[in-house]
Amino acid sequence: MTARPAPRVVEALNGALHRLFDERPSLHLLGEDVLDPYGGAFKVTRGLSTRHPDRVLGTPISEAGITGVAGGLALAGDQAVVEMMFGDFAALAFDQVLNLISKSVTMYGERVPMPVVVRCPVGGNRGYGPTHSQSVQKHFLGIPNLALYETSPFHDPYAQLAEGLDHGPAMLFEDKVLYTRRVFRDGVVDEDHRYTLLGGPTGWAHVTPLDAAPADVVLMCPGGTAHRALDAARLLRRQGLTTHVLVPARLYPPDLEPVLPLLAGARLVAVAEESTAGGTWGAEMAAQVHGRIWAELRAPVLLLSSADSVVPTAPHLEAGVLLGAERIAEEIGTAATRSLPPRAPAVPAQATGPLATTVPTAPASDVTEPEGVEPVAGVPVGVPKLNNNDTTYLVLQWLVEDGAKVAEGDPLVEVETSKAVEEIVAPAAGHLRVRAAEGTEIGVGKLLAELFAEPPTAPPDTPSTAPPGAPTVAAAVPPPAAPPGPAPRTHVLDRAQQGTAAVVTRAHQEVPAAFAAVEVEVDAVLARLRTLSDETGAEVGLPEAVVKAVAATHPAFPHLFGALVDERTVRLADTVDIGVTVDAGNGLYTPVLRDCAARSLADLSDDLMEFRMKAFRGEFTAGDLSGGSLTVSLNVEPGVLVVQPIVMWPQLCMVSVGGPLTRLVLADGVPAPATVVTLGLAYDHRVVNGREAVAFLRAVADALHDPEQLVKLID
């Protein structure tokens, strides 16, 4: 029997509210558009007004009025939960929170219960723009009698809401990106991390690596930043730093007692939050940690916040403003070099060469180190084993010039594998001497470059990065002067686009591709997907349905999901892992959805939403982008008629799906409008013929249109 998947955070919140309403007959909910069938802007209140129609109140658009009524209910002996449609609008209720609800607890001569919780969806990474994307927690910090909580994937929102009502007033901040993510349970985060709760159900979630290694770094963060903190911990692991993550259920007032021993034992303590700097929860944590265990700290607490800016709407600008995993890892890595003890020398005492006693050990990595690098005078930069499919890689682009001085960890060169473009970083500081030219194939373990303490003299056999046939110019001869006049306008391709271009070039050179397309009506599947989204809280759309329909064809067309081994042999795939194109305006990525045939549409939707967030921030790992047996090119913007994709070697096929179009079709002899999309298939003609290609597309189309198959696809 398949285990029931963990609920999403929105489902956990909804279940907590239902439970509280069943237990507390005096509890009321007030908010805009909270009544069924809408159930709130983010569906947190779904079903409550149907079960408790007298206690769920749809209100006018007046945040101050809503909050004031909630305070009045509390003073009269009832309990109230207020929903702000967006946390940004809590600024309109600030007077009621500051001067009525919080002060009423103690300003009448005796302590007065104020069971009020104000719920606030907060945070960015959804493209909602400056007035709907803020993290406003810091503006309510330190108000007497007011407790602040934040949802997390580790904590039960029922415990947070119940404690907030029992010891109110309180505010519960809910990061919008968390709504569609699943909660963690049974102490398991993923294959690499586990967690425990310290200080009870509203205490701290303590996330540790599976090997339970002691913490070099303790990273404290609210729940909305937790996934970014976990991604940063994985990046830091590659640098040899073990990171433990601490996530509180209650932001303020904080209870540090359960975590003080962990903080005192760490070499570096950092706090990461999405809000802008200044008067933040992170600053409060740093002040309290400094006051409690200053003598045990090896460095001041590192504070990490988003840029000092409004939150833009454009995805690439939003990603540049909001704090992301890569920046967390980068700043912690830099701070760690100032707080951690120096590493042991990498070169044995008997070794020779300019850096024999001065180069530190390269940080530990989860990438296999190169073997068999030929002896050299400097510190070698060899080719690591990046995947199990390739024995050679293409040297795509050197990121620094030959002879330049680099620091340990600086990106040096991009190499192209059969799956992705990877960066090789400097294992030590030094001056670079390139040994492998751009455009050359180089084997695993072979020498890419060397690093020297001093700028070395180029040996006569140093490879040139100039194109073949280019004239050799003596170094002492200056280049000719540029002609007078304004400089020409140029556009430099970013690395992601260069990587895409390299993959396309290889595909056109090696794959004899053909193309076929069919049209399919999708009104029925779109209607079912809308119902499924309402039922599950997942944002399920046509892309997930197409991926699932493609995966369903695997038993009938297994060779379309394979890879060509030689001219007569196809290696078949055991599981259906499907790549999807994601373009957030900063480059095209093809992350891979795993085991698509066995998993539900809602689960695939969760992964696809996470991929979109990673695309906004440019945070994909090589593991995210490798291993696909077939790719689906998503081009579902309205009006896109047809898309002819490429075949991404070593795959054999790529499916494309266009945007919705309106057609007039005959329904029982009467013309009627219908929504259609075009499904395309680019296929390797060495393996797939045209008849098979059309049969495959018809099978995908039937799964999206035929009523019986549609039930199997969605249910």
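Above this text you will find the structure in question.
The structure displayed is predicted, hence computed values, not measured ones. (Residues numbered from 1 in each chain as written. Predicted model: local features only at pLDDT ≥ 70, side-chain atom pairs only at ≥ 80, totals over all residues. Heavy atoms only, no water.)

Draft legend 1. Local environment of the sheet that holds strand 20 (residues 441-443). Reading across the sheet, the four strands line up as 18-17-15-20 and stay open at both edges, with antiparallel pairing between neighbours. The outermost strands of the open sheet, each flanked by one partner alone, are strand 18 (421-425) and strand 20. Direction aside, the axes of adjacent strands within the sheet are offset by 45° on average. (Pairing = 2+ DSSP bridges. Helix = DSSP H or I, 4+ residues; strand = E, 2+ residues; numbered from the N terminus. Axes fitted to C-alpha atoms, helices over the stretch in contact; angles between N-to-C directions.)

Draft legend 2. Expanded view of the packing of helix 3 (residues 63-75) against helix 4 (residues 94-101). The geometry of helix 3 relative to helix 4 is characterised by a closest axis approach of 8 Å and an angle of 25° between their N-to-C directions. Taken together, the axes of helix 3 and helix 4 lie roughly parallel to each other. The two elements helix 3 and helix 4 meet at a crossing, and its hand is right-handed. Of the residues in helix 4, those in contact with A64, T67, G68, G71 and L75 of helix 3 are Q96, V97, L100 and I101. (Parallel < 35°, antiparallel > 145°, perpendicular 65-115°, else oblique. Left-handed = near helix turned anticlockwise from the far one by under 90°. Contact = heavy atoms within 4.5 Å.)

Draft legend 3. Examining the sheet that holds strand 8 (residues 204-209) more closely. Reading across the sheet, the six strands line up as 7-8-10-9-12-13 and stay open at both edges, with mixed pairing between neighbours. Either end of the sheet is taken by a strand with one partner, and the two such strands are strand 7 (193-198) and strand 13 (302-306). The average angle at which neighbouring strand axes cross in this sheet is 20°, direction not considered. Sheet topology note: the strand 9 (residues 217-220)/strand 10 (residues 243-248) ladder contains four bridges and is parallel.

Draft legend 4. Quick look at the packing of aromatic side chains. Taken as a whole, this structure holds nine aromatic pairs when the rule is applied. For the pair F42 and F86, a centre-to-centre distance of 5.5 Å together with 75° between the ring planes defines the contact as edge-to-face. Taken together, the residues F42 in the loop between strand 1 (27-31) and helix 2 (48-51) and F86 in the loop between strand 3 (79-83) and helix 4 connect sequence positions 44 residues apart. For F42, a relative accessible area of 14% translates into the label buried. Among the residues examined, F86 registers a relative accessible area of 11% and is labelled buried. Ring centres of F557 and F696 lie 5.7 Å apart, and the angle between their planes is 90°; this geometry places the pair in the edge-to-face category. Residue F557 is found in the loop between helix 13 (542-552) and strand 23 (563-566), and its partner F696 is found in helix 16 (residues 690-705); the two are separated by 139 residues along the sequence. (Phe/Tyr/Trp six-rings, centres within 6.5 Å; stacked < 30°, edge-to-face > 60°. Buried < 20%, exposed > 50% of the residue type's maximum accessible area, 1.4 Å probe, protein only.)

Draft legend 5. View of the pairing of strand 30 (residues 653-657). Extensive coverage of strand 30 is indicated by the burial of five of its five residues. Residues C653, V655 and V657 of strand 30 are buried on one face, and the alternating residues M654 and S656, pointing to the opposite face, are buried as well. Two strands pair when backbone bridges link them, and strand 29 (residues 630-634) and strand 30 are joined in this way by four bridges, in the parallel orientation. Paired with T631 across the two strands is M654, which belongs to strand 30. For strand 30 and strand 32 (residues 670-684), the ladder comprises five bridges, and the chain directions are antiparallel. Counted as the bridge partner of V655 is L681 from strand 32.

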